[in-house]
Amino acid sequence: MIRDITIGQYYPADSVIHRLDPRVKLVGTIVFLVSLFLFQDFSGYIAATIYLACVIKISKVPLKFMLKGLKSIFILLLFSVIFNLFLTDGETLIHLFWKVRITKEGLGIAVFMAIRLVYLIIGTSIMTLTTTPNDLTDGLEKGLRPLKKIHVPVHEIAMMMSIALRFIPILLEETDKIMKAQMARGADFESGNILQRAKSMIPILVPLFISAFRRANDLAMAMEARCYHGGEGRTKMKPLIYKRRDFIAYATFAIYLSVVVVINTVSKLL
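Keep in mind it's a predicted model, so treat the numbers as computed, not measured.

Criteria and cut-off values
- Residues numbered from 1 in each chain as written.
- Predicted model: local features only at pLDDT ≥ 70, side-chain atom pairs only at ≥ 80, totals over all residues.
- Heavy atoms only, no water.
- 1 Å grid on protein atoms, 1.4 Å probe; cavity = no way out; pocket = protein on both sides within 12 Å on 5 of 7 lines; lining within 4 Å.
- Points joined across faces, edges and corners; volume = space filled by probe spheres on them.
- Helix = DSSP H or I, 4+ residues; strand = E, 2+ residues; numbered from the N terminus.
- Nonpolar A, V, L, I, M, F, W, Y, C, P; charged D, E, K, R; others polar.
- Core = buried A, V, L, I, M, F, W, Y, C linked by side-chain atoms within 4.5 Å.
- Buried < 20%, exposed > 50% of the residue type's maximum accessible area, 1.4 Å probe, protein only.
- Contact = heavy atoms within 4.5 Å.

Peer 1: Any chance you could break down the layout of surface pockets for me, citing the residues and the numbers?
Peer 2: Quantified by volume, the largest pocket comes out at close to 980 Å³. As for the largest pocket, its lining consists of 35 residues, of which N134, D135, T137, D138 and K236 are closest to the centre. Counting residues per element, the ones that place at least two in the lining of the largest pocket are α1 (16–19), α2 (22–36), α7 (133–143), α8 (154–184), α10 (202–225) and α11 (244–269). Top element by residues in the lining of the largest pocket is α8. It accounts for 6 residues. Its residues assigned to classes, the lining of the largest pocket shows 14 nonpolar, 7 polar and 14 charged. When its volume is computed, the second largest pocket comes out at roughly 460 Å³. What lines the second largest pocket is a set of 22 residues, among which I17, L20, Y51, V55 and F253 lie closest to the centre. Broken down by secondary-structure element, the contributors of at least two residues to the lining of the second largest pocket are α1, α2, α3 (42–59), α6 (104–129) and α11. Counted by class, the lining of the second largest pocket contains 15 nonpolar, 5 polar and 2 charged residues.

Peer 1: Describe in detail the nonpolar core, supporting the description with residues and values.
Peer 2: Grouped together as the largest cluster of nonpolar side chains are 33 residues, with contacts concentrated most on F32, I122 and Y256. Contributing elements (two or more residues each) for this core: α2, α3, α4 (63–68), α6 and α11. No other element matches the 10 residues that α6 contributes to this core. When residues no more than four places from it in sequence are discounted, the contact partners of Y256 are V31, F32, S35, F39, A47, A48 and Y51.

Right, here's the structure in full:
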């Protein structure tokens, strides 16, 4: 399960998506995530599926690698579907078992919620899988630069997000090593009830927290030793400059958003 988490990882490949400006990928991800909450019927999700499939194909990231990240949210996805399926009231009754009612409206909301959650994870993963942490930091900092006028610490926010993303795969690898070490000593993490399993995680959490604080302290000392004082006056080795492919990508986002608006308008009129 630990190895199945793909958020924060970078998948190296030679594709147009990888070469795009990180600001373009940030805007595209936001547009796609917002569009998922605008759909009212399956026609909108069909458009999102086609758009997402094209992006995955162009990115050259294997679909199996992206779907592997869904294993970590399976429990959350299952609870979301069950709650929406059995707790949503509706007029059209599909099945009645004792006091449990399954309605057509509840089934539709459960399916929409499942698709939306899956697409949220995949859409976000595409951005992190095709963008290095350094590029993502530069894109965030330059995209949020107008907020400096109201004294928002843009560089510090971008740096914290970059460090957090970079620490995700490191901590996952550290967790995997600790679990293997504990299992070699006879620890059992799979048997017993929920309380027993939670109690068995203590030998993992304690050394993991110690390791995380040690890594954070080493990083702080390294930044201090290199005279790091924030982003004021710092220059970039590779400054971000928009190219022709970036403007084409922006045009693609605009077309996709226009299609979403048209689909929603038509569905409301019908």
